[in-house]
Amino acid sequence: MSTTVKLVSGDGFTFILDKAVAEHSPTIRNMLDVSHGGAFTEALTNEIKFPEIKGKVLEKVCQYLYYKHRYAAEGSTDRVPEFKFDLELSLELLMAADYLDC
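Residues numbered from 1 in each chain as written. Predicted model: local features only at pLDDT ≥ 70, side-chain atom pairs only at ≥ 80, totals over all residues. Heavy atoms only, no water.

The name given to the protein chain in an unreviewed UniProt entry is Elongin C, and the organism recorded there is Coemansia furcata.

Written out as structure tokens, the structure is:
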């Protein structure tokens, strides 16, 4: 069983994430879930293609998933810094976040 997952943007950019990090998105978690008979091909290949998401947006989503993984630890006493992004990406990030439920 692989501990990483490959996310591929619509414009061909590839991002390799730790599976535990990627699964902070319920959508990705469900796509990778093999306990339901492996209904998605993604569960077998550990590769998910997002044809509607541009590389620069998917890159920021990946950064956010690592951010969430780091600061979502139960009982974390660390001060959570602001997650920064370019305002011109706001609409595309909002749509990607809505789709990925993160």
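**Q** Explain the overall build of the protein chain here, please?
**A** Counting its regular elements, the protein chain contains five helices and three strands. Helices and strands appear in the protein chain in the N-to-C order β-β-α-α-α-β-α-α. For 102 residues, the compact-globule estimate of 2.2 N^0.38 gives 13 Å, and the protein chain sits close to it at 14 Å. Projected onto its principal axes, the C-alpha positions of the protein chain cover 40 × 35 × 20 Å. With 102 residues in all, the protein chain has 34% of them scored as buried. Residue pairs in contact within the protein chain that sit at least 24 positions apart in sequence constitute 59% of those at least 6 positions apart. In the structure as shown, the protein chain presents an accessible area of about 6700 Å², 53% of it carried by carbon and sulfur atoms. Taken as two groups, the 11 positive and 16 negative side-chain charges of the protein chain have centres that lie 4 Å from each other. (Helix = DSSP H or I, 4+ residues; strand = E, 2+ residues; numbered from the N terminus. Rg over C-alpha atoms; globule rule 2.2 N^0.38 Å. Buried < 20%, exposed > 50% of the residue type's maximum accessible area, 1.4 Å probe, protein only. Contact = heavy atoms within 4.5 Å. Areas by Shrake-Rupley, 256 points an atom, 1.4 Å probe, with all protein chains shown as cover. Lys, Arg positive; Asp, Glu negative; His and termini not counted. Charge placed at Lys NZ, Arg CZ, Asp CG, Glu CD.)

**Q** How should I be thinking about the pairing of strand β1 (residues 4–9) in this particular structure?
**A** Remark: a regular strand shows side chains that alternate across the two faces of the sheet. Sheet topology places β1 next to strand β2 (residues 14–18); five bridges connect them, and they run antiparallel. Paired with L7 across the two strands is F15, which belongs to β2. Counting the residues between successive antiparallel strands, the hairpin from β1 to β2 contains four residues, one of them, G12, with a positive phi of roughly 90 degrees. (Pairing = 2+ DSSP bridges.)

**Q** Can you walk me through a nonpolar patch on the surface in this structure?
**A** On the surface, L91, L94 and M95 cluster together to form a nonpolar patch covering roughly 350 Å² of accessible area. Relative to the helices and strands, M95 is located in helix α5 (residues 90–100). (Patch = residues over 30% accessible without salt bridge, like charges linked within 9 Å, V, L, I, M, F, W, Y side chains within 5 Å. Salt bridge = Lys/Arg side-chain N within 4 Å of Asp/Glu carboxyl O.)

**Q** Got a minute to help me understand the state of the cysteines in this structure?
**A** Cysteine pairs can be covalently joined through their sulfur atoms, and such a bond is termed a disulfide. Taken as a whole and judged by the stated rule, the model has zero disulfides. The thiol of C62 is not disulfide-bonded; the next cysteine sulfur, from C102, is found 9.5 Å away. Taking relative accessible area as the criterion, C102 reaches 24% and is therefore assigned partly exposed. (Disulfide = S-S within 2.5 Å.)

**Q** Which parts of the structure should I look at to understand the pattern of salt bridges?
**A** Think of it this way: side chains of opposite charge can pair up when their charged atoms draw near. Here the structure, examined in full by the defined rule, presents three salt bridges. Its salt-bridge partner being K6, residue E47 comes within 3.8 Å of it at the nearest N-O pair. Of this pair, E47 sits in strand β3 (residues 47–50) while K6 sits in strand β1, and the two are 41 residues apart along the sequence. The class of K6 is partly exposed, set by a relative accessible area of 31%. When salt bridges with common partners are traced through the structure, they connect K6, E47 and K49 into a single cluster.

**Q** In this structure, what is going on with the nonpolar core? I would like to understand it.
**A** Soluble globular proteins tend to bury their nonpolar side chains together. By size, the foremost hydrophobic cluster in this structure holds 21 residues, and its most contacted members are L7, L17, I28, I48, F50 and L58. Counting residues per element, the ones that place at least two in this core are β1, β2, α1 (19–22), α2 (26–32), β3, α4 (55–71) and α5. With five residues, α4 is the single largest residue contributor to this core. If sequence neighbours within four positions are ignored, L58 has contacts with L7, V8, S9, F15, F50 and I53. (Core = buried A, V, L, I, M, F, W, Y, C linked by side-chain atoms within 4.5 Å.)

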